[in-house]
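What follows is the residue order along each chain.
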Amino acid sequence: MLTLSLTPRDVARELARRYSTMTHEELDILESVLVPMKFAKNEIILGEGETCEHIYWVVKGLARQYYFKNGKELTEYMATENTIMMSIESLFKEKPSTQVIQAVEPTIIYAMPKKDLEAVAMRSVNIQILYRKILEESLIISQQRADMLRFESAQDRYQKLVKNSPQLVLRAPLVYVASYLQMTPETLSRVRTAVLLNS
């Protein structure tokens, strides 16, 4: 049974530590908008066609973001503990998502409803900063992924993932890792063997 090991206060403190310093009063405000959610393995967090209304902070577990192309699931992003997830276009354009977010493992999330976060950001400069930094981080991650796929070899892509996100490589099914790196499982297997032989 997956239990909520962290309180909303713990999560507010961690978000403040990572994105913006806050007073006790600002932590109270941030804590007040956090919504705890629990998902079983393979449960859908955000379905295709649903409108994303939250920024998700993964506290425990592993989740992936994917979309369908020609009937295939293509993994866009994966998140482990202390990582933000959202369907950013759906969130800001308030339109149905073309992406799905799914729990790969039993997963605990604290969601920040966009409308509530924007409302409290109007009252707190530090929460405004937190909100902006979360969005900046999301844009940077998207840019880095696009550059990785454009400019790096299959082996370089895999080695970068191992270096930057070792938990993903250890915990995510290889078919998801291969899809995220935009290679077939067979290519990933060859790349992994080559990396092991050269290490």
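Above: the structure in question.
Keep in mind that what you see is a predicted model, and the values were worked out from it rather than measured. (Residues numbered from 1 in each chain as written. Predicted model: local features only at pLDDT ≥ 70, side-chain atom pairs only at ≥ 80, totals over all residues. Heavy atoms only, no water.)

A word on the layout of surface pockets
The volume enclosed by the largest pocket comes to roughly 540 Å³. Mapped by element, the contributors of at least two residues to the lining of the largest pocket are β5 (72-79), α5 (125-151), α6 (154-164) and α7 (166-171). The greatest single-element share of the lining of the largest pocket, amounting to five residues, is contributed by α5. Residues belonging to the lining of the largest pocket are distributed by class as follows: nine nonpolar, six polar and five charged. In this structure, the second largest pocket spans a volume of roughly 370 Å³. As for the second largest pocket, its lining consists of 21 residues, and the residues nearest its centre are Gln65, Met86, Ile88, Gln99 and Ser142. (1 Å grid on protein atoms, 1.4 Å probe; cavity = no way out; pocket = protein on both sides within 12 Å on 5 of 7 lines; lining within 4 Å. Points joined across faces, edges and corners; volume = space filled by probe spheres on them. Helix = DSSP H or I, 4+ residues; strand = E, 2+ residues; numbered from the N terminus. Nonpolar A, V, L, I, M, F, W, Y, C, P; charged D, E, K, R; others polar.)

With respect to the packing of helix α1 (residues 8-19) against helix α2 (residues 24-33)
Helix packing geometry: the angle between the two helix axes and the distance between the axes. Here α1 crosses α2 at 115°, and the two axes come no closer than 9 Å. Along this stretch, α1 crosses α2, giving a crossing that reads as right-handed. Residue-level contacts link Pro8, Arg9, Ala12, Arg13, Leu15 and Ala16 of α1 to His24, Leu27, Asp28, Leu30 and Glu31 of α2. (Axes fitted to C-alpha atoms, helices over the stretch in contact; angles between N-to-C directions. Left-handed = near helix turned anticlockwise from the far one by under 90°. Contact = heavy atoms within 4.5 Å.)

Brief notes about the side chain of Ser90
Along the chain, Ser90 turns up in helix α3 (residues 88-93). Ser90 gets classed as buried once you look at its relative accessible area, which sits at 2%. Within the local environment of Ser90, its side chain forms a polar contact with the backbone nitrogen of Cys52, the two atoms lying 2.8 Å apart. If near-sequence neighbours (up to four positions away) are discounted, Ser90 is found in contact with Glu50, Thr51, Cys52, Lys95, Pro96 and Ser97. (Buried < 20%, exposed > 50% of the residue type's maximum accessible area, 1.4 Å probe, protein only. Polar contact = N/O pair within 3.5 Å; in protein donor to acceptor, adjacent residues only side chain to side chain.)

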